[in-house]
Amino acid sequence: MPLLLIVLLPLVGSLLPIMSSNERRSACTALAAAPVLIALAVALYHTGAVLDGEVFRQAYSWIPALDLSLAVRLDGLSLLFVLLILGIGLLIIVYARYYLLASDNAPRFYAFLLLFMAAMLGIVMADNLLLLWFFWELTSLSSFLLIGYWYHQSEARKGARMALTVTGAGGLALLAGFLLLGHIVGSYDLQVVLDSRDMIQADPRYLPALLLVLAGAFTKSAQFPFQFWLPHAMAAPTPVSAFLHSATMVKAGVFLLARMHPALAGSPEWLYLVGLTGLVTLLYGAYFALLKYDLKGVLANSTISHLGLITLLLGLDSDMATIAALFHILNHAIFKAALFMTAGILDHETGTRDIRKLQGLWRVMPLTAAVAVIAGAAMAGVPYFNGFLSKEMLLKETLDTHLLGGLAWLIPTLATLGSLLSAAYAVRLVYNVFFHGPLPELPKTAHAPPKLMIAPGLLLAALCLVIGIMPALSVTALLTAAGNAALAAETPELHLTVWHGLNLPLLMSAVALIGGVALYWQRRHLFAFQRQFGARDARRLFEASVQSLVHGTQRLIDTLENGSLQRYMLWLVITILCLVGGTLLGATELRGPLPLQPLDGLIIAGAGMTIFAGLATALLHRRRLISLLMLSIVGLMTSLAFARFSAPDLALTQLAVEVVTMILLMLALFFLPQRTPKESSAPRILRDVLLASAFGGIVASLNFAVLTRPLESISHFFIAQSVPGGGGHNVVNVILVDFRGFDTLGEITVLCIAAVGIYKLLNRLRLFMPSSDAEGRPWSRDRHPLILISVSQTILPLALLVSIFIFLRGHNAPGGGFIAGLVTAVALILLYIAHGVDWCQQRMSFQYQPLAVAGVGVAALTGLGSWAFGYPFLTSTFGHFHVPLIGDIELATALLFDLGVYLTVVGATLMILANLGKLTTAHRPSKQKDKEKA
Amino acid sequence: MEALFSMTTGVLAACGLFLALRGRTFPVVVGLTLLSYAVNLFLFSMGGLTTDGAVVIEGHGSDYADPLPQALVLTAIVIGFAMTAFSVILAMRARGDLGSDHVNGNRLDEPREESS
């Protein structure tokens, strides 16, 4: 039977309650309980075999590249927790049915609860570290939802946020720790990691990995100094507190310690870190539990204290201590869940949780009182109750520890002190509330709870007694199996009995119990002492630190992101300089082994002109028109450079684009100020010159370094395959339309999008039309010069013919869709310039937007067409045809693709320029017209 | 020749960057265009500088200039045009809507076009 069912049933089952209605509570409860019951049955089905020592492991591949598999295991340790989670979970579901108010949304509650349950089951059954972490984070998230269930209360929201912050941060630390462990071991498989103890502990990364894993465990289990979130999580509904904050979620941390015990424990670091943290938490929690007035506050601090006790036991360096820890996990879950349930009942039936207001309640709710007495006695460690057994084991083990060396006697002493405090607050909790005088005035008239609401508590109380009286019969097998997993060795034989004879641990127990009662009796001294300290609210501190963090980051963002484009450019450039400059510093020599090619006069003249024009563009930038003219020289020289270095396609493209760009920029300049005002300060100019020079230097060095080194190109494939595979002799064009056709499709799409964007930007743009240039000379009135008109009309058919020629021969000679498209566009634009927009629009009534889109469509359809013949996207084919008059020609489907490119380029270019040109003829008031009117 | 070529790219890149750091939109657009020339030349030269290479494949001549950078640069030129066009028209729109041609959208003491 697939083990994964145990996790998946509650996970999928969490959808069931949502489907039921809030009014029919019992049906909703049954829907929530059903998947849990089935999962419990599956777990019980495997129980016998696991108790006999079998370990079930099942794995399904999930993301093999990350070594993440959906691997689950069921060994003794998993089984202990699975039974706890499902068993107590079931009781909580029944209990919550009566606890939730009519105004609460029960389906939502059950859905969250089941989700949490699934996450928790995932943690304890995961057989892969990454999977374990995945479920770990899922518990943080689902517990956030559960704590914040009453999200209309500020307390609940803040408590949920704090819990998420602390446990979430711990989860990230845990991930880092797991990644380190995975790197050390070379696998994330849990079994492999557990078997690699020596390798892990010999590695220098052991200590950081240990610290990170412990950070995850300690935040989850509310260990000092992360304990502060747990009391605030008590804003959750009590069933949640009973389930998450006593039985399960906070136990995830100690579970992790037990799970990783075979791999990480046994070192002095583990002994001190885990042992001392546990000890401090044990005392801290116990002391504050005694001082709280809120029932749930007492229980929360007591939970912290007991978790500390378990951590202390896991830290101690003996096998028996680990068994005791597992035993106490079980015992604590049982009695604490029962106590939380009684606290919830009291709250529900009396309307208050304040210990000072509650007393003498056994008269109205005797069954509840019985549960509280039994669970309280277990918590205090009274013989014949389950808590006594594990506490006795603790006291015995502390006597044998090596922790603190010569001061080792401190450990049993402090452990006894912790037990004493525990007994004192247990007495206070039970005696004050249920006895201690007559029934007081209460917010609600107290009465006994519904039978089914107290039944889960009674069941747990009965378990306390069964385990306490007959430990050997009830839990030995389970503990032995769990111990085998946590120790990765045979558990020493267990002799769980109440009576071990008169010995030191028994004496310590007695001291703790009697001292506890005495302390309870004299507690007013303690309260008076505590009042001398100022009250410190962990939540306020936490909120303040979060706020200051937010303000700090806001200040940082304001500095970095001040809204200035110039500032962003600066940061970008500095980053480039640092990254690339740093790499260049690492190179031993700039010049590579290749010999330099000889210079000739033409090259020197060309380079000189390019450098001159480039510098002039920059230096004269405040006189914009001249700067623009210089820019066009750079463009032309670039085009010539392409021609000189055997790239005719590039030269043609660059030439055509240059023409279009210049026309565009001239048009734009017409609407923009003709001059740039002088506003940069001298230091700013100096800074920019320095930055730009550094950048140019780096580009030049990099370029030189590459050019003088031998080249390993992948192009030989394209050259070899161009004729046989692509049917074209012009490799550049074949690459564009065939080999890398998908890239080209993307590029024409971008071109089309840019053109559409420009079209929208120009929509309803109102710009001032200047009537004169920068020198104050009026623009020429002669809008359409005659010579230009005649020339443009003569050229148009010729240009179109040339573009068709260039287009058709593109596959075999320089040319192709891009160049042909640009030539066509230039010819049409010349027509616009000569005749004006109105004249052209009358004669060319079609729109350019559909043209550009149609181009992309044609290209995409050509690609899709190959699907129709069962080939991959954009596969091309070709053949030779004989056409009368023209002769043999070669046609490839790539030509159709190129047609798409051609249409897109023509459409996009004209969409940009014609629409921009339209602005000059818009019918709107201009100064010129106003003057004419006047 | 390699040194001179590299120097040219470097100077163009430096001039382009200097202009791109200016405060007004038009010099920034001109600077970006200049920068794209430099980048195209740089990218193109990654295939080596071939003199008198074959234009098309005739037989199996090995003197064909590396076609891959050429194909990349060809599309880069067209896309560069689209980018220039988009940014310059964005600049015009910004001036139309904000009344300023400063890249930060400042409405400082931008002198509106003198009315003559």
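This write-up is about the structure you can find in this document. In every chain, residue numbers begin from 1 and rise along the written sequence. For naming, the first written chain is A and the first written ligand is 1, with later ones following in the order written. Reporting in this predicted model follows two pLDDT cut-offs: at least 70 for local features of residues, and 80 or more for side-chain atom pairs to be given and counted; totals over whole chains, interfaces and linings ignore these cut-offs and use all residues. The basis for every side-chain value is the complete set of heavy atoms in the structure, and neither hydrogens nor water enter the calculation.

## Re the overall build of chain B
Working step 1: Only DSSP runs of H or I reaching four residues or more are called helices, and only runs of E reaching two or more are called strands; each is numbered from the N terminus. When you go through chain B residue by residue, the secondary structure sums to three helices and zero strands.
Working step 2: When the helices and strands of chain B are placed in sequence order, the string is α-α-α.
Working step 3: Relative accessibility decides the category of a residue: with a 1.4 Å probe and only protein chains considered, values under 20% of the type maximum give buried, values over 50% give exposed, and everything between is partly exposed. Taken across its 116 residues, chain B has 66% of its residues classed as buried.
Working step 4: Here the open area of atoms and residues is found with the Shrake-Rupley method and a 1.4 Å probe, where only the protein chains shown may cover a residue. For chain B, the exposed surface amounts to about 4,000 Å²; the carbon and sulfur share of it is 61%.

## Some remarks on the pairing of strand E2 (residues 68–74) of chain A
Residues and elements named next belong to chain A.
Working step 1: Most of E2 sits inside the fold, with six of its seven residues counted as buried.
Working step 2: With seven bridges joining them, strand E1 (residues 56–63) and E2 adopt antiparallel strand pairing. Within E2, the residue paired with Ala59 across the bridge is Ala71.
Working step 3: In this antiparallel pair of consecutive strands, E1 and E2, the connection spans four residues, and Asp67 shows a positive phi of 60°. One bridge is not enough; two strands pair if DSSP finds at least two bridges between them.

## Some words on the interface of chain A and chain B
Working step 1: Contacts were defined at the residue level, with two residues in contact if any of their heavy atoms lie within 4.5 Å. In this complex, chain A contributes 113 residues to the contact, which on the side of chain B involves 79 residues.
Working step 2: Summed over both partners, the accessible surface that disappears when two parts come together, traced with a 1.4 Å probe, is what is meant by buried area. With both sides pooled, the region where chain A packs onto chain B buries about 8,900 Å², and carbon together with sulfur makes up 75% of that total.
Working step 3: Each salt bridge in this description consists of a side-chain nitrogen of Lys or Arg and a carboxyl oxygen of Asp or Glu lying within 4 Å of one another. Run the count over chain A and chain B and you get two salt bridges.
Working step 4: One salt bridge in this structure joins Arg22 of chain B and Asp688 of chain A, with 2.1 Å as the shortest N-O distance.
Working step 5: Two N or O atoms count as a polar contact when they lie within 3.5 Å, although within protein this holds only if one can serve as hydrogen donor and the other as acceptor, and sequence-adjacent residues are included solely when both atoms are side-chain atoms. At the junction of chain A and chain B, the tally comes to 20 residue pairs in polar contact (both at pLDDT 80 or more).

## Observations concerning the packing of helix H16 (residues 319–350) of chain A against helix H18 (residues 386–399) of chain A
Residues and elements named next belong to chain A.
Working step 1: Running from N to C, H16 and H18 cross one another at 150°; their axes reach a closest spacing of 9 Å. Considering the angle they form, H16 stands roughly antiparallel to H18. Of the two possible hands of crossing, H16 and H18 adopt the one that is left-handed. Here H16 contributes Met320, Ala321, Ile323, Ala324, Phe327, His328, Asn331, Ile334 and Phe335 to the contact with H18, which in turn contributes Asn386, Gly387, Leu389, Ser390, Met393 and Glu397.
Working step 2: Residues are grouped as follows: Ala, Val, Leu, Ile, Met, Phe, Trp, Tyr, Cys and Pro are nonpolar; Asp, Glu, Lys and Arg are charged; every other residue, Gly included, is polar. Classifying every residue of the contact of H16 with H18 by side-chain character gives nine nonpolar, five polar and one charged. Between the N-to-C directions of two axes lies an angle of 0 to 180 degrees, each axis being a line fitted to C-alpha atoms and, for a helix, fitted only over the stretch in contact. Orientation labels follow simple angle bins: below 35 degrees gives roughly parallel, above 145 gives roughly antiparallel, 65 to 115 gives roughly perpendicular, and whatever is left gives oblique. For any pair of crossing helices, the crossing counts as left-handed if the nearer helix is rotated counterclockwise from the farther one by less than a right angle, and right-handed if it is rotated clockwise.

## Some details on the packing of helix H17 (residues 366–380) of chain A against helix H20 (residues 451–469) of chain A
Residues and elements named next belong to chain A.
Working step 1: Two elements in contact, H17 and H20, have axes separated by 9 Å at closest approach and are oriented at 35°. With respect to the hand of their crossing, H17 and H20 are arranged in left-handed fashion. Of the residues in H20, those in contact with Leu367, Thr368, Val371, Ile374 and Ala378 of H17 are Ile454, Gly457, Leu458, Ala461, Cys464 and Leu465.
Working step 2: Considering only residue class, the contact of H17 with H20 consists of nine nonpolar, two polar and no charged.

## So, unusual backbone geometry
Residues and elements named next belong to chain A.
Working step 1: The omega torsion across Phe224 and Pro225 is 5°, close enough to zero to call that bond cis.
Working step 2: Among the secondary structure elements, Pro225 is positioned in the loop between helix H10 (206–220) and helix H11 (229–232).
Working step 3: Phi is positive for Asp67, which is not a glycine, with a value near 60°.
Working step 4: Along the chain, Asp67 falls in the loop between E1 and E2.
Working step 5: Asp67 gets classed as partly exposed once you look at its relative accessible area, which sits at 33%.

## Describing the nonpolar core
All names here are of chain A.
Working step 1: We call a set of buried residues a nonpolar core when its members are Ala, Val, Leu, Ile, Met, Phe, Trp, Tyr or Cys and they connect through side-chain atoms within 4.5 Å of each other. The biggest cluster of nonpolar side chains holds 200 residues, and the ones touching the most others in it are Leu86, Phe178, Trp229 and Leu264.
Working step 2: Among the elements that make up this core, the one with the highest residue count is H16 (19 residues).
Working step 3: Of all hydrophobic cores here, the second largest spans 127 residues; its members include Val731, Cys752, Phe807 and Ile912.

Nothing here speaks to function; it is geometry throughout.
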